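Report on the structure
In case you want the letters, here they are:
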Amino acid sequence: MSFDQANQVWEGVKLVDRPAPTAWFPNADTRSRSQLAKFIQSCGIDSYHALYERSIADVPWFTGQVLDFLGIRFDPPYQKVLDLSRGIQWPLWCTQGGLNITRCCMDRHARTTLGTSPAVVWEGEEGVSKVWTYCELLESVERCAAGLRAIGLARGDRVGLHLPMMPETVAALLAVARIGAVAVPLFSGYGPAAIESRLRDVGAKGIVTCDAFTRRGVVTAAKEIVDEALERCPSIRSVVVVPRLGVAVPMQRRRDIGWYDLLELGAAAGAEARAAESTGAEDPLIILYSSGTTGQPKGIVHSHCGFPVKAAQDMAFGTDVRPGDRVTWITDLGWMMGPWLIYGATLLGATIAIYDGAPDYPAPDRLWAFCAAHRIGILGVSPTLARIMAAHGVEPRTGHDLSELRILASTGEPWDPETWSWLFEKLGANLPIINYSGGTEISGGILMGNPLLPIKPCSFSGPCPGIAADVVDESGRSIRGQVGELIIRRPWIGMARGFWGDPQRYLNTYWSRWPDVWHHGDWARVDGDGYWHILGRSDDTIKVAGRRVGPAEIEAILLSHHGVAEAAVVGIPDEIKGNSPVAFCVPAPGTATGPAFSDELRRRVADALGKPMRPDKVLFVPALPRTRNSKIMRRVIRGAYLNQDVGNIAALENPESVEAIRLLAPDRAPGKE
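Okay, so let's go over this structure. (Residues numbered from 1 in each chain as written. Predicted model: local features only at pLDDT ≥ 70, side-chain atom pairs only at ≥ 80, totals over all residues. Heavy atoms only, no water.)

Points about the overall build of the protein chain
As a reminder of what qualifies: By the criteria applied, helices consist of DSSP H or I runs no shorter than four residues and strands consist of E runs no shorter than two, each listed in order from the N terminus. Between buried and exposed lies partly exposed: a residue is buried under 20% and exposed over 50% of the maximum accessible area for its type, with that area taken using a 1.4 Å probe on protein chains only. The contact definition used throughout considers only heavy atoms, calling two residues in contact when any of these lie within 4.5 Å.
Within the protein chain one finds 22 helices and 28 strands. Looking at the protein chain as a whole, 62% of its 673 residues qualify as buried. Within the protein chain, counting contacts between residues at least 6 apart in sequence, those at least 24 apart form 70% of the total.

A look at the packing of helix α7 (residues 134-150) against helix α11 (residues 259-268)
In plain terms, the rule: To obtain an axis, a line is fitted to C-alpha atoms, over the contacting stretch when the element is a helix, and the angle between two such axes runs from 0 to 180 degrees between their N-to-C directions. An angle counts as roughly parallel when it lies under 35 degrees, as roughly antiparallel when it exceeds 145, as roughly perpendicular when it falls between 65 and 115, and as oblique in every other case. Amino acid classes used here: Ala, Val, Leu, Ile, Met, Phe, Trp, Tyr, Cys and Pro are nonpolar; Asp, Glu, Lys and Arg are charged; the rest, including Gly, are polar.
The N-to-C vectors of α7 and α11 enclose an angle of 90°; their axes lie 7 Å apart at closest approach. Here α7 is positioned roughly perpendicular relative to α11, judged by the angle of their axes. For the pair formed by α7 and α11, the contact residues are S140, R143, C144, A146, G147, L148 and A150 on the first element and W259, L262, L263, E264, L265, G266 and A267 on the second. When grouped by side-chain class, the residues that make up the contact of α7 with α11 number 9 nonpolar, 3 polar and 2 charged.

Some points on the packing of α7 against helix α8 (residues 167-178)
Helix packing geometry: the angle between the two helix axes and the distance between the axes. What counts, and what does not: If you view the pair so one helix is near and one far, a crossing is left-handed when the near helix is turned anticlockwise from the far one by less than a right angle, and right-handed when it is turned clockwise.
The contact between α7 and α8 brings their axes to 8 Å, and the two run at 55°. Between α7 and α8, the angle is such that the two are oblique. Like other packed secondary-structure pairs, α7 and α8 cross with a definite hand, here right-handed. Residues L137, L138, S140, V141, E142, C144, A145, L148 and R149 of α7 touch α8, and the partners they reach there are V170, A171, A172, L174, A175, V176 and R178. Taken together, the residues of the contact of α7 with α8 break down into 12 nonpolar, 1 polar and 3 charged.

A short note on the sheet that holds strand β4 (residues 129-133)
What counts here: DSSP bridges decide pairing: two strands pair if at least two such bridges lie between them.
One open sheet holds the 8 strands; their spatial order is β4-β3-β15-β14-β16-β17-β18-β19, and the pairing between them is mixed. Edge positions in the sheet fall to β4 and β19 (444-448), since each of these pairs with one other strand and no more. Along the sheet, successive strands turn relative to each other by an average axial angle of 25°, direction set aside. Where strand β18 (residues 433-439) meets β19, 4 bridges bridge the pair, whose relative direction is antiparallel. Paired with Y436 across the bridge in β19 is M448. The sheet strands contacting helix α14 (residues 337-348) are β14 (326-329), β15 (351-356), β18 and β19, and the helix crosses β14 at an angle near 170°.

Comments concerning the pairing of β4
By the bridge criterion, 5 bridges tie strand β3 (residues 118-124) to β4 in an arrangement that is antiparallel. By the bridge assignment for β4, E123 is matched with S129. What sits between the antiparallel neighbours β3 and β4 is a turn of 4 residues, in which G127 has the positive phi angle 105°.

Brief notes about the state of the cysteines
To be explicit about the condition: Throughout, disulfides are identified as pairs of cysteine sulfur atoms within 2.5 Å of each other.
The full count for this structure, using the stated rule, is 0 disulfides. The closest cysteine sulfur to the non-disulfide-bonded C458 is located on C585, 18 Å from its own sulfur. In this structure C585 comes out as buried when scored by relative accessible area, which is 0%.

Examining the side chain of R387
Topologically, R387 is positioned in helix α16 (residues 383-392). R387 gets classed as buried once you look at its relative accessible area, which sits at 8%. Here R387 is in contact with E413, D416, T419, L559, A565 and I632, once residues within four sequence places are set aside.

Structure, rendered in structure tokens:
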């Protein structure tokens, strides 16, 4: 579907105040002051498009320029930026180079005027706050690193991090890297089984957790959950407990240690114990778990010269983060965007702004109050969070000084036009919305907007510099103006270094569709004006009577109705058409649901996309299954509705939503019990 055709769809559903085809243009000041413009100038290139073309034609040149621009220093220096002797699937980066990335994140800033600038500002749900300067962050990381060494953790050990977002979380992540160990972030909402499976998978030797934390005023007993998980994790020898709420928790002798006791051990240690380990550029840094669409969660391995560099590149070139900027993303450490925020911001000398709590608790204006109080410049949200905010209207924003806010950003799922327009026009005061899409295995983005290019609603200005992205048909040929598979044709420094302990699964997942081509698993299209659009996971895509439709296309139409707060569409087997769409909708408050409303929504889709795309059913549920970063899990919805095994749902924020969908399954319908 081209962009013009998409506009016809929005017109067909009678969207009110549909945004213009191009909604935002950068002015001269925005362009000239941007990090991306400075980078282009440093490369001696005269335009963004020339930069992009060279970045994918000469990957080593581009990567070397990025490393220099970010000030990444190697000791000893690397010999070669890129070595493809093992094939494109297993590139080696910055060969023979020495790099412990934490030196670039803190040490160099602490020696400059940034040393007394905030590195972390934090606010908890209960209203308490903290500020750490770069010097204070470095001190905490050094003491934590020395403490970790004192309790027996060392280079190469895997260390779990089961923490909400707070300053100590930043220090712990960086301290694990500082001693050359490998961090394994865990979603703070995980139960014991999910924690156990990941720690056992990597053979973790230690874990950092907290006593407890709150969400919407409800206490989560984090230490107790971890203790239960560790009953079946014999490899764990050390547990560090951060006092988030200051509540008493059971402590096991010779295994458990409090955070401040750990720091005291570190303070008593010598300079050698506080120093950064001499790691190699390609040494493992972090293992990030992603549930995927099938099978067990996969541990995605990233290195010191990979994940942080790509994170900082995207943060600088896409969201234009500069030294001293305050940037926040509503996320969790267990999702890619948590470590992305920490590494990207510290490499750039920016301030990590963290809100630990529900963004609309105890009042709908909580997020805006946080942004105003801490002078946030760059705010990252998901479309789902934007829809939640839209339900409260614009009033919560009123009275809060958001004059420092200059960029909005989004990731996690496709936009619907109505919510995008609301955020852009009503709430964002026409600030640019930098759309961002990639994945854990990418270390950031495949597609992204930036301050030099115009923005169309719900779209991406193009691929990130250095990402040789394309949209292809079933035979792997490039296509434009129609839906195809999103792929990448050349390596990039942030690409995964495989799955922990399972290289063949990594190859099967990303490299088996076409020779030497990364198959990402997203449906995408490039419109007639060159703007890119993501339509959801390719395994979510519905093929009805030989015609493909992305669930996002149908969902956008459903969401254009004021009575629908959230929507997800899945394909259900149909004897005649192959698949039939079935829609699951969360009604807006006060909306009367029933057969008449369901039929109205079905007609709405048929009028816009044609009768073959009309949902077979529109069903109403109190909530849709979603992860902590608000990604709606369509595979879980489909499996539950068909009474199939839904796989691992430990990453869900609201697992109770699955049973509500099972109750609607055809074989559970009235008269079929």
